[in-house]
Amino acid sequence: MIIRKPSDLRYSAVTPKQVYLNRRRFLGAAPIALGALLGSRAAQATTKLAGVTKSSYTVDEKVTPLDVITHYNNFYEFGTDKEDPSRNAQNFRTSPWMVKVEGEVAKPKVLDLDALMKLAPLEERIYRHRCVEAWSIVVPWVGYSLNALLKEVEPTSKAKFVAFESYYDRKQMPQGTWAGLQFPYVEGLRLDEAMNPLALLAVGLYGETLPPQDGAPFRLVVPWKYGFKSIKSIVKIRLVEKMPPTTWNLSAPQEYGFYSNVNPEVDHPRWSQSKERRLGEFLKRNTLKFNGYGEQVASLYTGMDLRKNY
Amino acid sequence: MKKVLSNRWTKVVLFVLCLVPLAWLGWRAYKQDLTANPIEYITHFTGDWTIRFLLITLAVTPLRKLFNQPQLARFRRMLGLFAFFYGCLHLMTWLGLDKFFDLSEMWKDVIKRRFITAGMTAFLLMLPLAITSTAGWVRRLGFVRWQRLHRLIYFSALAGVVHYYWLVKSDIRLPLMYFAIWAVLMCYRAAVWLNTRRKVQRKERSGGQPSGQSGRVTIPSTASLPD
């Protein structure tokens, strides 16, 4: 039998006097209070985005349920298990939020969330999202083209690449310590890739602001590349002259290249990329080159050996 | 303790306990709670339990000797067979739900992907052990040869752990933990082996007088005969 020392009891565990004196009333009100608590939590987690228009950059495929999109995440700062981020990111502070846009630009900027939301009209775009782990989803993102932001800051002639950096705070993301990756998470695109209208800066999904586990409040979505290129919770965007380092490439350069375009013909060294499992489907689908966006982006890579530039 | 271990119901209880992971999986399947990617979940779950049962099986002999509980040996075969059972489930999940029983695709993967090569090695090493797990096979092979054959479990468990290590992307904590457990269990065996050899050598030098302990160290496995 365990006999606990009195010091094991903390004052925080003691029922407040007000509550125990009025315990009957408290019990009676509990269901209402619980309902209010759950309601307010849900309301606090995401809010509806106003003035969202439909976009022509949309695929006509069955959209993955929100429940799947919010409970199957790779967000290693919050843990490496797929369900970890949905549990561990709930209290992630996304306000206030500042994004620095700097480097080889004529007009560097520091934007708060409000400014980011108003930078360009919000569009809903239904994109395929293909993870390097050979699963995929279809997501109704809300956001605008990355090029809208880049045009605002006016890249100089020296700017050849765009480097992105995620927020990282050991206190809020203690699970990240064991992820085996260097944080803050960094990603990058070539400038012409970044200027392609498909490259999306997302602030929401399913018509509401982003849930924390999906990269709140502000993330990148590059639908023709493997999911890890679509960096989450961005705090810095830097235009640079040389190819910037990227997190997974630093971790395993022979497995994750800078480009990481979805390509069924080029296998990951450890598994095939020719097929994928769309979450919710039983049979596997064939993976499409550039994740089906070849018409819009294939020209970016003409003359390049995609086996070498994986 | 000895009474509990030698009670015949203990084995039945352990048998049921070994089925708890499967029951848990079934329960989650029934509740449609196998995550957003059920096939991956089932694959990882059964794979995890295969490695765990291999390590539990490998732990039987060290525990038996350290705590002087010879009756523990009664459970070793069953635990090993459960490792094989979960291994079969794991293989069938992958083969059926990932490869859709396309054998040519399967062999392509086995040859091409080192983590699958390692996993298949682990499974194939378990196969002869499962087949020769009966008392009849011990008799047919003779105990010494049978025991030598069953040392394949060391390599099967290692291959299983390597298989897992090669699969993960960056968070290697669990595979490393399994490897550490495997290494500890193997170090124990190495220590016993070295100790035995030293004693044998000393005995030879001193003219081959059998010491009181030699019975225990040179035939360490009488208690591990299958029951």
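Before any of the text, the structure's been laid out above.
What counts and what doesn't
Residues numbered from 1 in each chain as written. Chains lettered and ligands numbered in written order. Predicted model: local features only at pLDDT ≥ 70, side-chain atom pairs only at ≥ 80, totals over all residues. Heavy atoms only, no water. Helix = DSSP H or I, 4+ residues; strand = E, 2+ residues; numbered from the N terminus. Contact = heavy atoms within 4.5 Å. Areas by Shrake-Rupley, 256 points an atom, 1.4 Å probe, with all protein chains shown as cover. Lys, Arg positive; Asp, Glu negative; His and termini not counted. Charge placed at Lys NZ, Arg CZ, Asp CG, Glu CD. Expected span 1.5 Å × (residues − 1). Buried < 20%, exposed > 50% of the residue type's maximum accessible area, 1.4 Å probe, protein only. 1 Å grid on protein atoms, 1.4 Å probe; cavity = no way out; pocket = protein on both sides within 12 Å on 5 of 7 lines; lining within 4 Å. Points joined across faces, edges and corners; volume = space filled by probe spheres on them. Nonpolar A, V, L, I, M, F, W, Y, C, P; charged D, E, K, R; others polar. Polar contact = N/O pair within 3.5 Å; in protein donor to acceptor, adjacent residues only side chain to side chain. Salt bridge = Lys/Arg side-chain N within 4 Å of Asp/Glu carboxyl O. Phe/Tyr/Trp six-rings, centres within 6.5 Å; stacked < 30°, edge-to-face > 60°. Lys NZ or Arg CZ within 6 Å of the ring centre and 35° of its normal. Axes fitted to C-alpha atoms, helices over the stretch in contact; angles between N-to-C directions. Parallel < 35°, antiparallel > 145°, perpendicular 65-115°, else oblique. Left-handed = near helix turned anticlockwise from the far one by under 90°. Core = buried A, V, L, I, M, F, W, Y, C linked by side-chain atoms within 4.5 Å. Patch = residues over 30% accessible without salt bridge, like charges linked within 9 Å, V, L, I, M, F, W, Y side chains within 5 Å. Buried area = accessible area lost by both parts, 1.4 Å probe.

Remarks on the overall build of chain B
Reasoning step 1: Regarding its fold elements, chain B presents twelve helices and zero strands.
Reasoning step 2: Across its three principal axes, chain B shows a C-alpha extent of roughly 65 × 40 × 35 Å.
Reasoning step 3: A separation threshold of at least 6 residues defines the contact pool for chain B, and within that pool the share at least 24 residues apart is 67%.
Reasoning step 4: About 13,100 Å² of surface is accessible on chain B, with carbon and sulfur atoms providing 68% of the total.
Reasoning step 5: The positive charge centre, built from 32 side chains, and the negative charge centre, built from 10, are 18 Å apart in chain B.

Some remarks on helix H11 (residues 173-205) of chain B
Residue and element names in this part refer to chain B.
Reasoning step 1: Its 33 residues place the ends of H11 47 Å apart at the C-alpha level, agreeing with the 48 Å of an ideal helix rising 1.5 Å per residue.
Reasoning step 2: If you check which residues of H11 are buried, you get Pro 175, Tyr 178, Trp 182, Leu 185, Met 186, Tyr 188, Arg 189 and Thr 196.
Reasoning step 3: Backbone geometry just after H11 places Gly 207 at a positive phi near 95°.

Examining empty space enclosed by the protein
All names here are of chain A.
Reasoning step 1: With the rule as written, the count across this model stands at one cavity of 30 Å³ or more.
Reasoning step 2: Put simply, the largest cavity is a space of about 360 Å³.
Reasoning step 3: Along its surface, the largest cavity is lined by 28 residues, and Asn 74, Phe 75, Gly 227, Phe 228 and Lys 232 are the ones closest to its centre.
Reasoning step 4: Counting residues per element, the lining of the largest cavity draws most heavily on strand S5 (residues 135-145), which supplies four residues.
Reasoning step 5: Classifying every residue of the lining of the largest cavity gives 16 nonpolar, seven polar and five charged.

Focus on the side chain of Asn74(A)
Reasoning step 1: One can find Asn74(A) in the loop between helix H3 (66-69) and helix H4 (84-88).
Reasoning step 2: For Asn74(A), the side chain forms a polar contact with the side chain of Glu133(A), separated by 3.2 Å.
Reasoning step 3: Ignoring anything within four residues of it in the chain, the contact list for Asn74(A) reads Lys82(A), Cys131(A), Glu133(A), Trp135(A), Lys232(A) and Lys169(B).

Some details on the pattern of salt bridges
Residue and element names in this part refer to chain A.
Reasoning step 1: The final tally for this structure, using the stated rule, is 30 salt bridges over all chains.
Reasoning step 2: Salt-bridge contacts for Arg 128 lead to Glu 61; the nearest nitrogen and oxygen are separated by 2.7 Å. Of this pair, Arg 128 sits in strand S4 (residues 123-130) while Glu 61 is found in the loop between strand S1 (53-54) and H3, placing the two residues 67 residues apart along the sequence.
Reasoning step 3: The partly exposed category is assigned to Glu 61, whose relative accessible area is 22%.

Structural notes on the packing of aromatic side chains
Reasoning step 1: Enumeration according to the criterion identifies 29 aromatic pairs over all chains in this entry.
Reasoning step 2: Note on Phe85(B) and Tyr86(B): the rings are 5.3 Å apart at their centroids and 70° apart in plane angle, and the pair reads as edge-to-face.
Reasoning step 3: Overall, the relative accessible area of 1% leaves Tyr86(B) in the buried class.
Reasoning step 4: Taken together, the ring pairs in this structure connect Phe15(B), Trp49(B), Phe53(B), Phe82(B), Phe85(B) and Tyr86(B) into an aromatic cluster.
Reasoning step 5: The residue whose ring lies beneath Lys229(A) is Phe258(A), and the NZ or CZ to ring-centre distance is 4.3 Å.
Reasoning step 6: A cation sits over an aromatic face here: Arg140(B) above Trp137(B), 4.8 Å from the ring centre.

Concerning the packing of helix H4 (residues 38-66) of chain B against H11(B)
All names here are of chain B.
Reasoning step 1: With their axes 10 Å apart at the nearest point, H4 and H11 run at an angle of 30° to one another. If you check the angle between H4 and H11, you find them roughly parallel. H4 and H11 meet at a crossing whose hand is left-handed. Taking contact as the criterion, the partners of Asp 48, Ile 51, Arg 52, Leu 55, Leu 58, Ala 59, Thr 61, Pro 62, Lys 65 and Leu 66 in H4 are, on H11, Tyr 178, Ile 181, Trp 182, Leu 185, Tyr 188, Arg 189 and Val 192.
Reasoning step 2: Partitioned by chemical class, the residues of the contact of H4 with H11 number twelve nonpolar, one polar and four charged.

Some remarks on the packing of H4(B) against helix H10 (residues 152-167) of chain B
Residue and element names in this part refer to chain B.
Reasoning step 1: Where H4 meets H10, the axes come as close as 10 Å, and the angle between the chain directions of the two elements is 145°. For the pair H4 and H10, the sense of crossing is left-handed. Contacts from His 44, Asp 48, Ile 51, Leu 54, Thr 57 and Leu 58 of H4 reach H10 at Ile 153, Tyr 154, Ser 156, Ala 157, Gly 160, Val 161, Tyr 164 and Leu 167.
Reasoning step 2: Residues of the contact of H4 with H10, tallied by class, amount to nine nonpolar, four polar and one charged.

Overview of the nonpolar core
Reasoning step 1: Core analysis: the largest hydrophobic core is formed by 83 residues, its most contacted members being Leu146(A) and Trp224(A).
Reasoning step 2: With seven residues, S5(A) is the single largest residue contributor to this core.
Reasoning step 3: Among residues more than four places away in sequence, those in contact with Trp224(A) are Glu193(A), Asn196(A), Leu198(A), Ala199(A), Asn261(A), Val262(A), Phe290(A), Asn291(A), Tyr293(A), Val297(A), Leu300(A) and Tyr301(A).
Reasoning step 4: By size, the runner-up hydrophobic cluster in this structure holds 38 residues, among which are Ala59(B), Ala83(B), Trp94(B) and Phe123(B).

Topic: a nonpolar patch on the surface
Reasoning step 1: A grouping of Trp9(B), Val12(B), Phe15(B) and Val16(B) is seen on the molecular surface, where their side chains present a nonpolar patch of about 410 Å² in accessible area.
Reasoning step 2: Within the fold, Val16(B) resides in helix H2 (residues 8-18).

Some remarks on the interface of chain A and chain B
Reasoning step 1: Between chain A and chain B, the contact holds 29 residues from the first and 19 residues from the second.
Reasoning step 2: Both faces considered, chain A and chain B share a buried interface measuring about 2,000 Å² in area, 49% of it formed by carbon and sulfur atoms.
Reasoning step 3: For the interface between chain A and chain B, the tally reads four salt bridges.
Reasoning step 4: Here Lys112(B) and Asp267(A) are joined by a salt bridge, their closest N and O atoms 3.1 Å apart.
Reasoning step 5: Run the count over chain A and chain B and you get twelve residue pairs in polar contact (both at pLDDT 80 or more).
Reasoning step 6: Its residues placed into classes, the side of chain A that touches chain B shows 15 nonpolar, seven polar and seven charged.

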